[in-house]
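Here is what each chain is made of, one letter per residue.
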Amino acid sequence: MTATFSTYALDSMGFRDLIDKGSLAASFMGVTVYEIGGITLPESFADARRTHVAGANYRIALSKSVNAGSQRLIGDDFAESESEWLKEVKATGPFLLVAVGPTAVIECEAGRMMRMPDGSITTYNSFPSLRETLKSLEDGVLPPVVATLSQTTARRPSAIR
């Protein structure tokens, strides 16, 4: 679902016009979360690994907590309120998080930005080609990762409870 906001609404939220095309450049990473059934992890368990498949870099994390896994994977929480997120998606964990990327550095094409109090920048509609770039990377990475995980748990029935 895509939302479109008026200039007034964007200004009210703190977004300002970008001055020049290309004035902002960034690389991006996509994070996909899977709930895993059939395995048990200790409450504080969170582990991450980095590898390469189908021409793309990716990292995976296994964790009982989505935020703990995300912290190990990308150094940031996945959900602002994990308890609310768990209720919303009706999940209990454990979780497999797959981070694909980073992409090559992409220059801003258009859009708006807002500088946050911590110095980070939040953009709105500034990198329209990004979705397709990340989708292409994820299409090469996610199927083999999920298939490998499924095959691994199927070969080790003692790990399934």
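Residues numbered from 1 in each chain as written. Predicted model: local features only at pLDDT ≥ 70, side-chain atom pairs only at ≥ 80, totals over all residues. Heavy atoms only, no water.

Peer 1: Would you mind going over the overall build of the protein chain with me for this structure?
Peer 2: Secondary structure assignment for the protein chain yields 4 helices and 9 strands. Secondary structure elements of the protein chain, listed N to C terminal, follow the sequence α-β-β-β-β-β-α-α-β-β-β-β-α. Across the 161 residues that make up the protein chain, the buried fraction comes to 31%. Counted over contacts in the protein chain with a minimum sequence separation of 6, partners at least 24 positions apart contribute 70%. Accessible surface computed for the protein chain: about 10,400 Å², of which carbon and sulfur atoms make up 52%. (Helix = DSSP H or I, 4+ residues; strand = E, 2+ residues; numbered from the N terminus. Buried < 20%, exposed > 50% of the residue type's maximum accessible area, 1.4 Å probe, protein only. Contact = heavy atoms within 4.5 Å. Areas by Shrake-Rupley, 256 points an atom, 1.4 Å probe, with all protein chains shown as cover.)

Peer 1: Would you mind going over unusual backbone geometry with me for this structure?
Peer 2: Peptide bonds are mostly trans, and most non-glycine residues show a negative phi. Look at the link from Gly93 to Pro94: it is a cis peptide, with omega at 0°. Along the polypeptide, Pro94 turns up in the loop between helix H3 (82-89) and strand S6 (95-100). The residue after Gly101, namely Pro102, is reached through a cis peptide bond having omega 10°. Tracing the backbone shows Pro102 in the loop between S6 and strand S7 (106-107).

Peer 1: What should I look at first to understand the nonpolar core in this one?
Peer 2: Generally speaking, nonpolar side chains in soluble globular proteins are found buried as a group. If you look at the biggest cluster of nonpolar residues, it comprises 11 residues: Ile36, Ile39, Leu41, Ala56, Tyr58, Leu96, Val98, Val100, Val141, Leu142 and Val145. Breaking this core down by element, the ones donating at least two residues are strand S5 (56-63), S6 and helix H4 (130-155). Once you skip the residues sitting within four places of it in the chain, Val141 turns out to touch Val53, Ala56, Tyr58, Val98 and Val100. (Core = buried A, V, L, I, M, F, W, Y, C linked by side-chain atoms within 4.5 Å.)

Peer 1: How should the packing of aromatic side chains be read in this particular structure?
Peer 2: Aromatic ring pairs are described here by two measures, namely the spacing of the ring centres and the angle between the planes. In the structure shown here, the tally under the stated rule is 3 aromatic pairs. Their ring planes at 65° and their centres at 4.9 Å tell us that Phe28 and Phe127 sit as a pair that is edge-to-face. Of this pair, Phe28 sits in the loop between strand S2 (25-26) and strand S3 (30-35) while Phe127 sits in the loop between strand S9 (121-124) and H4, and the two are 99 residues apart along the sequence. An angle of 80° between the planes, with centres 5.5 Å apart, marks the rings of Phe78 and Trp85 as edge-to-face. Taking relative accessible area as the criterion, Trp85 reaches 16% and is therefore assigned buried. Here a set of aromatic residues connected by ring pairs shows up, and it is made of Phe78, Trp85 and Phe95. (Phe/Tyr/Trp six-rings, centres within 6.5 Å; stacked < 30°, edge-to-face > 60°.)

Peer 1: Before we go on, may I ask you to explain the sheet that holds S5 in this structure?
Peer 2: Neighbouring strands of a sheet are bound in pairs by backbone hydrogen bonds; such pairs are parallel or else antiparallel. Pairing within the open sheet is antiparallel, and its 4 strands lie in the order S3-S6-S5-S4. The open sheet terminates on both sides in strands that have one partner only, identified here as S3 and strand S4 (46-53). Taking each pair of neighbouring strands and ignoring which way they run, the sheet shows an average axis angle of 20°. Both S5 and S6 contribute to a ladder of 6 bridges, which runs antiparallel. Within S6, the position partnered with Ser63 by the bridge is Phe95. Packed onto the sheet, helix H2 (residues 66-74) meets S3, S4, S5 and S6 and runs at close to 30° relative to S6. (Pairing = 2+ DSSP bridges. Axes fitted to C-alpha atoms, helices over the stretch in contact; angles between N-to-C directions.)

Peer 1: Explain the side chain of Asn67 here, please?
Peer 2: Along the chain, Asn67 falls in helix H2. Exposure remark for Asn67: the relative accessible area of 10% places this residue in the buried category. Filtering out sequence-adjacent residues up to four positions away, Asn67 remains in contact with Asp77, Phe78, Ala79 and Glu82.

Any functional reading would require information beyond the geometric quantities listed.
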